[in-house]
Number of protein chains: 2
Amino acid sequence: MKTYLDCIPCFMQQALRAGRMVTSDEKKLKEILDRTGEMVKTISMQATPAETGTMVYQIVSEVTGVADPYKSIKQQHIKETASIYPELEKIVANSDDRLLTAIRIAIAGNIIDLGVLKEFDIVTDVKNILEQEFAILDYDAFKKQLKETKSILYIGDNAGESVFDKILIKELKKPVKFVVRSIPIINDVTYEDAMASGLNEVSELVDSGCKSPGIILNQATPEFLELFNSSGLVISKGQGNFEGLSDCNRQVFFLLKAKCHIISNHLGVKEGSIILKEHTY
Amino acid sequence: MKTYLDCIPCFMQQALRAGRMVTSDEKKLKEILDRTGEMVKTISMQATPAETGTMVYQIVSEVTGVADPYKSIKQQHIKETASIYPELEKIVANSDDRLLTAIRIAIAGNIIDLGVLKEFDIVTDVKNILEQEFAILDYDAFKKQLKETKSILYIGDNAGESVFDKILIKELKKPVKFVVRSIPIINDVTYEDAMASGLNEVSELVDSGCKSPGIILNQATPEFLELFNSSGLVISKGQGNFEGLSDCNRQVFFLLKAKCHIISNHLGVKEGSIILKEHTY
């Protein structure tokens, strides 16, 4: 997915918000906005928003001197999601369709996204999503592919959400490789966050080589690309990964909540929709 | 009122929206965003948002070659407000407090603001504002000043809103000078719009000399400053004029709807509040 013009003012808002995570110094925050503003003319509209997002968060880190502004909030989200994990496991165990319920929970985790300008409340939002109708639900295709596959590549999105991914991964009942970001970027899930989420207990952790808030295939390692191409089932979580994979040359199942009007319009669904979408090529 | 950091992403949104009023050419729209982005570093945080707004709308005009992107929509708003004018006059005539009802109607007109990122519906919003409680209502001070004054300076805001200003001006029952912008800027009321709104029938039209979407005293003509200082009562409509006059050295009565969270926080009221506020010095 390419960058839309409406993404550009959003980058400015994201820059300000990320800056405020680490400083209240108005001069530094203005410098972040100045540099993000200057960066606008270098944005390629053919790049994905996640690629440009990388530049925005680099500016924040450079100006504030803080490499990982979201470190403590990521830990807090992992703690918060872990505290309701047992309750969610029970909901899965007692449901008529365990797999679909686990998918819902994994999508519910996708609300924990600090790159999107929305407030969220984990407990309330999870409850709502458990009741919400899917706007796109390619469930039969998903089940078919799951049944046939021997190997699953599960591309993670945010820290905290990662705890709910564990619930789905357990329900998949196949060997899973869970893909993390190479470096801290926004609140995206890194190796350290995946370990803290207990994902190492249910999957093998894999570093994609990507330093952006979403998979960008031409930045990924050859090892990752090999896995990406050879896995029987690829599950991609969230908007950032969708942006990078929406035009790729293999089947992918996208699990996400459409959290901004750009993504929703692109998908032809209402903002706030939940989606399990099969991408074919 | 100075510029807040949160105004800066909003300038980018305004640039894009104003650009889209005249063109759907993605390259031109990107150029508008590029130039607005580059302009960010020149923004003085001591300037009012209206001063920076001027630069934003200049960029839009330069890139698109259209000096007045809002011309036709201003005409449409004047037509729309004029069509409900007789009904509003009846509401004033039948109300217990004619002056306060006319003030409410004048504030209701303030929803017609294309510099703010809110949708509005004139008829619905007017009805709601007629029922809405004031968040700040310095009505006694206003009535006292109105009783004592011999001359009123009424600083207009938007075209369309100007039709509702006529209702209030008639209720003031004193000589009124109505202040217009020097040039078309956003949908602000110019001499031409004031004439089309029939304001010449109830007041003398005065050009402030300001080319920004809000009064900036150091850009105003000496004639305007003389009027501003010598008038017994000054009424200032809307956010843009509030930004320029909130720290000025004379009494001013601000009539506005607080339409963005920056202005509301500055005033200590909820977003969407309606206000008749006496500024003392």
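Residues numbered from 1 in each chain as written. Chains lettered and ligands numbered in written order. Predicted model: local features only at pLDDT ≥ 70, side-chain atom pairs only at ≥ 80, totals over all residues.

**Student:** Would you mind showing me how to read the domain arrangement of chain A here?
**Tutor:** Where interface size is given, it is often the accessible area lost as the parts come together that is meant. Residues and elements named next belong to chain A. The domain boundaries assigned to chain A delineate domain 1 (7-64) and domain 2 (71-279). Averaged C-alpha coordinates put domain 1 and domain 2 at centres separated by 25 Å. In this assembly, eleven residues from domain 1 lie in contact with 13 residues from domain 2. Top contributing element to the side of domain 1 that touches domain 2 by residue count: helix α3 (residues 49-64), with six residues. (Domains from an automatic or database assignment. Contact = placed C-beta atoms within 7 Å. Helix = DSSP H or I, 4+ residues; strand = E, 2+ residues; numbered from the N terminus.)

**Student:** Before we go on, may I ask you to explain the confidence of the model for chain A in this structure?
**Tutor:** Low-pLDDT stretches of the model should not have their predicted coordinates read in fine detail. With 98% of its residues at a pLDDT of 70 or more, chain A shows a mean pLDDT of 93. Interface scoring of the predicted complex returns ipTM 0.87; its pTM is 0.88. (pLDDT = per-residue confidence, 0-100.)

**Student:** Honestly, the relation of the copies chain A and chain B in this entry has me stumped. Any pointers?
**Tutor:** Taken together, a rotation about one axis and a shift along it account for how the two chain copies relate. Once turned by 180° and shifted 0.0 Å along the axis, chain A lies on chain B with an RMSD of 0.0 Å. Between the two chains, the operation in question is that of a two-fold axis. Within chain A, A:G37 has its C-alpha nearest the rotation axis, a separation of 1.9 Å. Residue by residue, 100% of the interface of chain A is reproduced at the interface of chain B, so both copies engage with the same surface. (Least-squares fit on C-alpha atoms with pLDDT ≥ 70 in both.)

**Student:** Could you clarify how one ought to interpret unusual backbone geometry in this entry?
**Tutor:** Negative phi values dominate among residues other than glycine, just as trans dominates among peptide bonds. Residues and elements named next belong to chain A. Its identity is not glycine, yet K173 carries a phi of approximately 55°, on the positive side. As for its placement among the helices and strands, K173 is situated in the loop between α8 (161-172) and β3 (176-180). Look at K173 and you get exposed, because 10 C-beta atoms sit within 10 Å. With a phi angle near 45°, I186 is a residue other than glycine that sits in the positive phi range. Tracing the backbone shows I186 in the loop between β3 and α9 (191-196). Owing to 30 C-beta atoms within 10 Å, I186 belongs among the buried residues under this scheme. (Buried ≥ 20, exposed ≤ 12 C-beta atoms within 10 Å, placed from the backbone.)

**Student:** Explain the packing of helix α1 (residues 7-22) of chain A against helix α2 (residues 26-39) of chain A here, please?
**Tutor:** Each packed pair of helices is defined by two parameters, the angle between the axes and the distance between the axes. Residues and elements named next belong to chain A. As a packed pair, α1 and α2 sit with axes 9 Å apart at the nearest point and diverge in direction by 150°. In terms of orientation, α1 and α2 fall into the roughly antiparallel class. As for how α1 packs across α2, the hand of that crossing is right-handed. Touching F11, M12, A15, L16, G19 and R20 of α1 are K28, L29, I32, L33, T36 and G37, all from α2. Partitioning the contact of α1 with α2 into residue classes produces seven nonpolar, three polar and two charged. (Axes fitted to C-alpha atoms, helices over the stretch in contact; angles between N-to-C directions. Parallel < 35°, antiparallel > 145°, perpendicular 65-115°, else oblique. Left-handed = near helix turned anticlockwise from the far one by under 90°. Nonpolar A, V, L, I, M, F, W, Y, C, P; charged D, E, K, R; others polar.)

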